[in-house]
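Observations on the three-dimensional arrangement
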Amino acid sequence: MSVVIIFAAIALVLFGLSFMTRRRFGLLGLALAAGSILSNLWGDNASFVVSAIGIRSSPLTTAITLSVIVLLPSVLLLFHGYAYKNIVGRAIGALMFTLLALAFLIQPLGYALTLQGFGANAYTWLVQNKDLIISLGMISAVVDLFFTKPAHLSEKKSRR
């Protein structure tokens, strides 16, 4: 299967989940960063756990395991947190979440995919620009957190 098709399928699923749940990009972006750090820390141990369960370890299972670790914190937050009010914010937030998630998933998925033709060129471009995409995404996530307004608690009416 082509690298482009796999990344497009992942992008569609992530965009759809993010758009439908209306969650804000800021918290999801920071959760992706946390998942990436956990993936780097637990990467070797995760493959041992998968092989201990009885699943034969291969580059594909390692890539899937690392991808799940990267995505798990943000997927959990898709069901809790602040939400966008309008459709434009939802679309932009979902697009930014998808791009940042793909940037974090480039390395884990690159281990298992066979690269050839246009897919190899696209993958090489993404790997070369991964740091820039992640940097801009993380800055955007922090900025988005500044624009998040907490839900106001209902105030008790004072009696005079």
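Placed above this text is the structure.
Calculation criteria
- Note on numbering: residues in each chain are counted from 1, in written sequence order.
- At least 70 in pLDDT is required for a residue's local features to be given in this predicted model, at least 80 for side-chain atom pairs to be given and counted, and no such filter applies to totals for whole chains, interfaces and linings, which use all residues.
- Computation of side-chain values: all heavy atoms of the structure, hydrogens and water removed.
- Helix numbering and strand numbering both begin at the N terminus, where a helix is a DSSP run of H or I of at least 4 residues and a strand a DSSP run of E of at least 2.
- Buried means the residue's accessible area, taken with a 1.4 Å probe over protein chains only, is under 20% of the maximum for its type, while exposed means over 50%, and partly exposed covers the values in between.
- In what follows, residue pairs with any heavy atoms lying within 4.5 Å of each other are defined as contacts.
- Only the protein chains shown count as cover for residues, and all accessible areas are computed by the Shrake-Rupley method using a 1.4 Å probe.
- Stacked, edge-to-face and tilted are the three classes for Phe, Tyr and Trp ring pairs, Trp counted by its six-membered ring, which pair at centre distances within 6.5 Å; planes under 30 degrees apart are stacked, over 60 edge-to-face, the rest tilted.
- The angle between two axes is taken between their N-to-C directions and runs from 0 to 180 degrees, where each axis is a line fitted to C-alpha atoms and a helix contributes only its stretch in contact.
- Angle categories: roughly parallel below 35 degrees, roughly antiparallel above 145, roughly perpendicular from 65 to 115, and oblique for all the rest.
- Crossings are classed by handedness, with left-handed meaning an anticlockwise turn of the near helix from the far one by less than a right angle and right-handed meaning a clockwise turn.
- By the convention adopted, Pro, Cys, Tyr, Trp, Phe, Met, Ile, Leu, Val and Ala count as nonpolar, Lys, Arg, Asp and Glu as charged, and the other residues, Gly among them, as polar.
- Buried Ala, Val, Leu, Ile, Met, Phe, Trp, Tyr and Cys residues form a nonpolar core when they are joined through side-chain atoms within 4.5 Å.

Across its full length, the protein holds 5 helices and 0 strands. Taken from N to C terminus, the helices and strands of the protein fall in the order α-α-α-α-α. With 160 residues in all, the protein has 40% of them scored as buried. Put simply, 88% of the contacts in the protein that link residues at least 6 apart link residues at least 24 apart. Accessible surface, the protein as shown: approximately 10400 Å² in total, 68% of it carbon and sulfur.

On inspection of all chains with the given rule, the structure shows 1 aromatic pair. Taken together, a centroid distance of 5.9 Å and an interplanar angle of 10 degrees make the contact between Phe 15 and Phe 19 stacked. Here Phe 19 and Phe 15 lie together in helix 1 (residues 3–21), a separation of 4 residues that amounts to about one turn. Judged by its relative accessible area of 27%, Phe 15 falls in the partly exposed class.

Turning next to the packing of helix 4 (residues 87–110) against helix 5 (residues 117–146). Each pair of packed helices gets described by two things: the angle between the helix axes and the distance between those axes. Closest axis-to-axis distance for the helix 4/helix 5 pair is 9 Å, and the angle between their directions is 135 degrees. In terms of orientation, helix 4 lies oblique with respect to helix 5. Handedness of the helix 4/helix 5 crossing: left-handed. For the pair helix 4 and helix 5, the contacting residues are Met 96, Leu 99, Leu 100, Ala 103, Phe 104, Ile 106, Gln 107 and Gly 110 in the first and Tyr 123, Leu 126, Val 127, Lys 130, Ile 133, Ile 134, Gly 137, Met 138 and Ser 140 in the second. Residues that form the contact of helix 4 with helix 5 fall into these classes: 12 nonpolar, 4 polar and 1 charged.

A word on the side chain of Ser 18. With respect to the helices, strands and loops of the structure, Ser 18 is situated in helix 1. Those residues in contact with Ser 18 that sit more than four places away from it in its chain are Arg 23, Leu 28, Leu 78, Gly 93, Ala 94 and Phe 97.

To continue, consider unusual backbone geometry. With a phi close to 65 degrees, Arg 22 is a non-glycine residue in the positive phi region. By the element assignment, Arg 22 lies in the loop between helix 1 and helix 2 (25–53).

Among the nonpolar cores identified, the biggest contains 26 residues, and Phe 7, Leu 32, Leu 100 and Phe 104 are the most heavily contacted of them. Put simply, the parts of the chain that give this core at least two residues each are helix 1, helix 2, helix 3 (59–77), helix 4 and helix 5. Top contributing element to this core by residue count: helix 4, with 9 residues. When residues no more than four places from it in sequence are discounted, the contact partners of Leu 100 are Phe 25, Gly 29, Leu 32, Ile 133, Ile 134, Gly 137 and Met 138.

Bear in mind that shape data such as this cannot, by itself, settle questions of function.
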